[in-house]
Amino acid sequence: MKRLIVTGSLLLVAVIVCSSWGFLGHRTIHQLAIYELPPSMRYYFHQNMSEIVKNSVRPDQRRSQDKEEASKHFVDLELYGDSAAWRMPLLWKDAVKKYGKDSLLKCGYVPYHVITMKEKLTAAFRNGNKDSILFYAIDLGHYISDAHVPLHVTENYDGQLSNQKGLHSLWESMVPEIEIQKYDLRGRHKAKYLKHPERSIWRAVRQSYKLLPDVFAAEKEVTRSFTEAEKYRVQIRNGREYKNYTSAFAKAYSARLGETINKQLISSANLLADFWYTAWVDAGCPNLNKGLLKNEKNKEALQVEMEAFKKNQLLEKKLLLSKQGSDKED
Ligand SMILES: [Zn+2]
């Protein structure tokens, strides 16, 4: 639920509920993207992997403190007019001219924010400030991943307009949590240079948008084989009623969707690696490996992970940080 406003004791609930892709999705995407980088970048990113993975959800956590944060995570395409995914300007400055800044802040602008973050990352690489490099690399990844979630590109972002409330976290959190063991997380992609990053992120947005009809239709179809009690789990917390989909429903929904979520997760990692690489190339390929290559232990660890990544064994070998438990990570 993207725009839920909560305070006090509900804050923790809010962070969990508001998490786009959920903690698991974001963290997994950031880790996989590291393995897709060329060696000239991979060592450095791997050296900082636990920080990158852990902070991949930081932009969601900022939402509770920063009113302007939320609209960086989505774009409600329908509010920008007919066929907006194909008609919206590629660049922020043209979008401001066309719609005005207030509309963009209200209706969301994730694809433009991705480009802003990419430019900040390029500047950070150029300046050689390691803290800034990590900061912008992590945030950039978050927004790219959000753009791959179909429910982040529609005004019906939680199924609230079609009597399917709760669909947001079903798609991006519940299903991946339940199904990740079955996902193919194999590395088939190598980071490539993006000549037109703005076109690339818009392509991703369009792909998310094209998935939407099926995201909604699948829920309706699966509902036909469930009673209300089988479909929802009702919990009372702090005197409020919370209705969530049951695991049984999430499993049936996932089966009906097929590989969609798995594919979007991998596409997110692929495009993230491409963006990181492009920012680095645009900054003149600064040397990130200084001193790192002497660390044999790290090199060996990375090699083991790369092997597991290629064979889809990260989970089996307990190398996927997002599944190693939040106690260990936090
Ligand atoms: Zn987000």
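All values reported here derive from a predicted model rather than from experimental measurement. (Residues numbered from 1 in each chain as written. Predicted model: local features only at pLDDT ≥ 70, side-chain atom pairs only at ≥ 80, totals over all residues. Heavy atoms only, no water.)

Some details on the overall build of the protein chain
When helices and strands are tallied, the protein chain shows 17 helices and 2 strands. Since a compact globule built from 330 residues should have a radius of gyration of about 20 Å, the 20 Å found for the protein chain is in line with a globular shape. Judged by the C-alpha coordinates and their principal axes, the protein chain covers about 60 × 50 × 40 Å. The 330 residues of the protein chain split such that 54% are buried. Taking the contacts inside the protein chain whose residues are at least 6 apart along the sequence as the reference set, 76% of them involve residues at least 24 apart. On the protein chain, roughly 15,500 Å² of surface is accessible, and the fraction owed to carbon and sulfur atoms is 50%. Counting 51 positive and 39 negative side-chain charges, the protein chain places the averaged centre of each group 3 Å from the other. (Helix = DSSP H or I, 4+ residues; strand = E, 2+ residues; numbered from the N terminus. Rg over C-alpha atoms; globule rule 2.2 N^0.38 Å. Buried < 20%, exposed > 50% of the residue type's maximum accessible area, 1.4 Å probe, protein only. Contact = heavy atoms within 4.5 Å. Areas by Shrake-Rupley, 256 points an atom, 1.4 Å probe, with all protein chains shown as cover. Lys, Arg positive; Asp, Glu negative; His and termini not counted. Charge placed at Lys NZ, Arg CZ, Asp CG, Glu CD.)

As for empty space enclosed by the protein
Under the definition given, this model contains 1 cavity of 30 Å³ or more. Its boundaries defined by the atoms lining it, the largest cavity holds a volume of some 40 Å³. Lining the largest cavity are Tyr43, His46, Gln47, Leu292, Asn295, Asn298, Lys299 and Leu302. Going through the elements one at a time, α3 (39-47) and α16 (296-310) are the ones with two or more residues in the lining of the largest cavity. (1 Å grid on protein atoms, 1.4 Å probe; cavity = no way out; pocket = protein on both sides within 12 Å on 5 of 7 lines; lining within 4 Å. Points joined across faces, edges and corners; volume = space filled by probe spheres on them.)

Digging into the packing of aromatic side chains
Per the counting criterion, the structure on display carries 14 aromatic pairs. Plain terms: the ring middles of tyrosine 80 and tyrosine 99 are 4.8 Å apart, the flat faces sit at 70 degrees to each other, and that makes the pair edge-to-face. One end of the pair, tyrosine 80, is in the loop between α5 (58-62) and α6 (84-87); the other, tyrosine 99, is in helix α7 (residues 92-99), with 19 residues separating them in the sequence. Grouping residues by exposure puts tyrosine 80 and tyrosine 99 together as buried. Ring geometry for phenylalanine 135 versus tyrosine 136: centroids 5.1 Å apart, planes at 85 degrees, classification edge-to-face. The rings of Trp92, Tyr109, Tyr112 and Trp202 are connected pair by pair, giving a single aromatic cluster. The residue whose ring lies beneath arginine 237 is tyrosine 242, and the NZ or CZ to ring-centre distance is 4.2 Å. The lysine or arginine in question, lysine 243, covers the ring of tyrosine 232, its NZ or CZ lying 4.2 Å from the ring centre. (Phe/Tyr/Trp six-rings, centres within 6.5 Å; stacked < 30°, edge-to-face > 60°. Lys NZ or Arg CZ within 6 Å of the ring centre and 35° of its normal.)

Comments concerning unusual backbone geometry
Despite not being glycine, serine 83 has its phi angle at roughly 50 degrees, a positive value. We note that asparagine 163 has phi near 60 degrees; this positive angle belongs to a residue other than glycine. For asparagine 163, the position within the fold is in the loop between α10 (130-147) and α11 (167-179).

Observations regarding the side chain of threonine 154
Mapped onto the fold, threonine 154 is located in the loop between α10 and α11. On the basis of relative accessibility, which here comes to 1%, the residue threonine 154 falls in the buried class. A distance of 2.6 Å separates polar atoms of two side chains, one belonging to threonine 154 and the other to glutamate 78. Polar side-chain contacts of threonine 154 include one of 3.1 Å to the backbone nitrogen of asparagine 156. (Polar contact = N/O pair within 3.5 Å; in protein donor to acceptor, adjacent residues only side chain to side chain.)

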